Amino acid sequence: MDSSIRIASRFPDMGTTIFTVMSRLAAECGAVNLSQGFPDFQAEPVLFEAMHRHMLAGRNQYAPMAGLPELRQAIVDKVAALYGPRFDVESEVTVTAGATQAIFTAIAAFVRPGDEVIVFEPVYDSYVPAIETVGGKAVFAQLQFPDYAPDWAQVERLISPKTRMIIVNSPHNPTGSLLSAADLDQLAELVRGTDIVILSDEVYEHILFDGEQHASLCGHPELAQRSIVVSSFGKTYHITGWKIGYVVGPAALMAEFRKVHQFNVFTVHAPSQLAIAEYMQDASRHLGLAAFYQEKRDFFRRLLAETPFELLPCRGTYFQLASYAGLSDLPDRQFAEWMTREVGVAVIPVSVFYADGRDDSVVRFCFAKQEATLRAAAERLCKAFVKPR
């Protein structure tokens, strides 16, 4: 249908997210899709059985705006067991329609036109559009290639009277890097005495490798007082399509968050909340996630060791960065499209996570896949890049 309505786009330069673009291209080309970050395996049937049981029991009407009490209590208990503080179940935890909604809502609640928000590049692609939607300005700090560590001296220089929020993400998508306890101490020093809010994206909090411990802002007494912390059941329980996450934070911040949440989502699918609350009672299901994904990481890295890709460190998340500098002179977006069409493996070009398109000849693989999927991808990569002996 053609429309004669003329629309002055609010975001004329904004395209479709790279994840949708690459997944669509993978489907068109019959490529193994290691681009978008979703598992190709199922969660345990007991989780689905629990949701079905709650649906049949009639728990299908609106949940309370902040989330069902059973799930909020399970979240409070988990956070206390992992990081120490016990958030108030009534005023300091909210169930959200996934982490992306939680991030957008937090930004909308605290950032006003003209405010500045410091983000770290490479930056996950939903942050900046959310900031700009509410009239804020993104200010870019750099994670230092190739280990992607923050430069806190640079962050200090970027903080101004207009700085309203700093967004941190650990374990970090797309790089797999981590913030340490020392990093949190430095961040706390920089924001001490200010009204800056910290938005902490911790959706991969349970996926850390080689004995690393997650430095949650929940567990930092000073930062916890000024932070909204975001997590994701989709990432933790292999149910990204359920789109359920949560935020925790001090009551004063949560009250502001809920003012927006009640009108852009209001509430989240009720029987799913009940099923997750029940499923969370066995802590081994999130405590065992690191070992589960480390096995996949190590398996995938062994497969790629035969190729000329240079694998960068992966300390957390289910993403593996790899440099192709020794393979091609193509810009990374062209290289990713060529890989999808000609090699049959879809990846994400890391330049899309930079405002200026900085290109270090690095692509992102997702290894949250069955071994058969990873092996099929590796076979195609070896066929394309490994010369017969």
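This report concerns the structure included in the present document. Keep in mind it's a predicted model, so treat the numbers as computed, not measured. (Residues numbered from 1 in each chain as written. Predicted model: local features only at pLDDT ≥ 70, side-chain atom pairs only at ≥ 80, totals over all residues. Heavy atoms only, no water.)

A look at the pattern of salt bridges
Point 1. Tallied over the full model, the rule gives 15 salt bridges.
Point 2. The partner of Arg375 in a salt bridge is Glu371, with the nearest N and O atoms 3.9 Å apart. Of this pair, Arg375 and Glu371 both sit in helix 15 (residues 371-385), separated by 4 residues, roughly a single helical turn.
Point 3. Note on Glu371: relative accessible area 33%, which makes it partly exposed. (Salt bridge = Lys/Arg side-chain N within 4 Å of Asp/Glu carboxyl O. Helix = DSSP H or I, 4+ residues; strand = E, 2+ residues; numbered from the N terminus. Buried < 20%, exposed > 50% of the residue type's maximum accessible area, 1.4 Å probe, protein only.)

A few points about the sheet that holds strand 11 (residues 319-323)
Point 1. Strand order in the open sheet made by the 4 strands is 10-11-14-13, with antiparallel pairing throughout. The two strands at the open ends of the sheet, each matched to only one other strand, are strand 10 (310-311) and strand 13 (348-349). (Pairing = 2+ DSSP bridges.)

Here we look at the packing of aromatic side chains
Point 1. Counting across every chain of the model gives 24 aromatic pairs.
Point 2. Here the aromatic cluster, defined as three or more aromatic residues joined through ring pairs, consists of Phe300, Phe309, Tyr324, Phe335, Trp338, Phe365 and Phe385.
Point 3. Looking at Lys369, its charged tip hangs above the ring of Phe38, at a distance of 4.0 Å from the centre. (Phe/Tyr/Trp six-rings, centres within 6.5 Å; stacked < 30°, edge-to-face > 60°. Lys NZ or Arg CZ within 6 Å of the ring centre and 35° of its normal.)

Looking at the side chain of Ser231
Point 1. In this structure, Ser231 sits in strand 8 (residues 227-232).
Point 2. For Ser231, a relative accessible area of 2% corresponds to the buried category.
Point 3. Polar side-chain contacts of Ser231 include one of 2.6 Å to the side chain of Glu205.
Point 4. When sequence neighbours within four positions are dropped, the list of residues in contact with Ser231 reads Ala99, Glu202, Val203, Glu205, Gly245 and Tyr246. (Polar contact = N/O pair within 3.5 Å; in protein donor to acceptor, adjacent residues only side chain to side chain. Contact = heavy atoms within 4.5 Å.)

Looking at the packing of helix 14 (residues 332-343) against helix 15
Each pair of packed helices gets described by two things: the angle between the helix axes and the distance between those axes.
Point 1. Where helix 14 meets helix 15, the closest approach of the two axes is 11 Å, and the angle between their N-to-C directions is 100°. Judged on the interaxial angle alone, helix 15 and helix 14 are roughly perpendicular. Facing Phe335, Trp338, Met339 and Val343 of helix 14, the residues of helix 15 in contact are Arg380, Leu381, Ala384 and Phe385. (Axes fitted to C-alpha atoms, helices over the stretch in contact; angles between N-to-C directions. Parallel < 35°, antiparallel > 145°, perpendicular 65-115°, else oblique.)

Looking at the state of the cysteines
Point 1. Summed over all chains, the structure comprises 0 disulfides.
Point 2. No disulfide involves Cys382; its nearest neighbouring cysteine sulfur is the one of Cys366, lying 19 Å away. (Disulfide = S-S within 2.5 Å.)

Section: the nonpolar core
Point 1. Ile75, Ile107, Phe309, Met339 and Phe365 are the most contacted members of the largest nonpolar core, which totals 123 residues.
Point 2. The leading source of residues in this core is helix 4 (residues 99-110), at 7 residues.
Point 3. In this view, Phe365 contacts Leu34, Phe300, Leu304, Phe309, Tyr318, Phe319, Gln320, Ala322, Met339, Val345, Val347 and Leu381; residues no more than four positions away in its chain are not counted. (Core = buried A, V, L, I, M, F, W, Y, C linked by side-chain atoms within 4.5 Å.)

Observations concerning unusual backbone geometry
Point 1. Here the bond from Phe145 into Pro146 is cis, since omega is 5°, no more than 30 degrees from zero.
Point 2. Tracing the chain through its elements places Pro146 in the loop between strand 4 (137-144) and strand 5 (149-150).
Point 3. Cis geometry marks the peptide bond from Asn173 to Pro174; its omega dihedral reads 20°.
Point 4. Structurally, Pro174 is set in the loop between strand 6 (163-169) and helix 7 (181-191).
Point 5. Its identity is not glycine, yet Tyr148 carries a phi of approximately 60°, on the positive side.
Point 6. Note that Tyr148 resides in the loop between strand 4 and strand 5.
Point 7. Tyr148 sits in the buried class, given a relative accessible area of 3%.

Quick notes on the sheet that holds strand 8
Two orientations exist for strands paired in a sheet by backbone hydrogen bonds: parallel and antiparallel.
Point 1. The strand order across the open sheet built from 8 strands is 2-9-8-7-6-3-4-5, with neighbouring strands paired in mixed fashion. Of all strands in the sheet, those with a lone pairing partner are strand 2 (93-96) and strand 5, marking the two edges.
Point 2. As paired strands, strand 3 (residues 116-121) and strand 4 are joined by 6 bridges and run parallel to one another. Bridge pairing in strand 4 places Ile118 opposite Val139.
Point 3. Sheet strands touched by helix 7: strand 5, strand 6 and strand 7 (197-201). Its angle to strand 6, the strand with the most contacts, is close to 175°.

Concerning the packing of helix 2 (residues 45-56) against helix 11 (residues 270-279)
Point 1. Interhelical geometry of helix 2 versus helix 11 gives an angle of 135° and a closest axis separation of 8 Å. As far as their axial angle goes, helix 11 and helix 2 are oblique. The crossing of helix 2 and helix 11 is right-handed. Where helix 2 approaches helix 11, its residues Val46, Leu47, Ala50, Met51, Arg53, His54 and Met55 are matched on the opposing element by Pro271, Ser272, Leu274, Ala275, Ile276, Glu278 and Tyr279.
Point 2. Tallied by class, the residues present in the contact of helix 2 with helix 11 amount to 10 nonpolar, 2 polar and 2 charged. (Left-handed = near helix turned anticlockwise from the far one by under 90°. Nonpolar A, V, L, I, M, F, W, Y, C, P; charged D, E, K, R; others polar.)

Quick word on the pairing of strand 3
The side chains of a regular strand alternate, residue by residue, between the two faces of the sheet.
Point 1. Within strand 3, 6 of the 6 residues are buried, leaving the element largely enclosed by the surrounding structure.
Point 2. The alternating pattern of strand 3 places Glu116, Ile118 and Phe120 on one face and Val117, Val119 and Glu121 on the opposite face, and all of these are buried.
Point 3. Crossover connection from strand 3 via helix 5 (residues 127-133) to parallel strand 4: handedness right-handed.
Point 4. Bridge count between strand 3 and strand 6: 3 bridges; the pairing is parallel. Bridge pairing in strand 6 links Glu116 to Thr163. (Right-handed = clockwise from strand over helix to strand, strands pointing away.)

These figures come from the coordinates and say nothing about function on their own.
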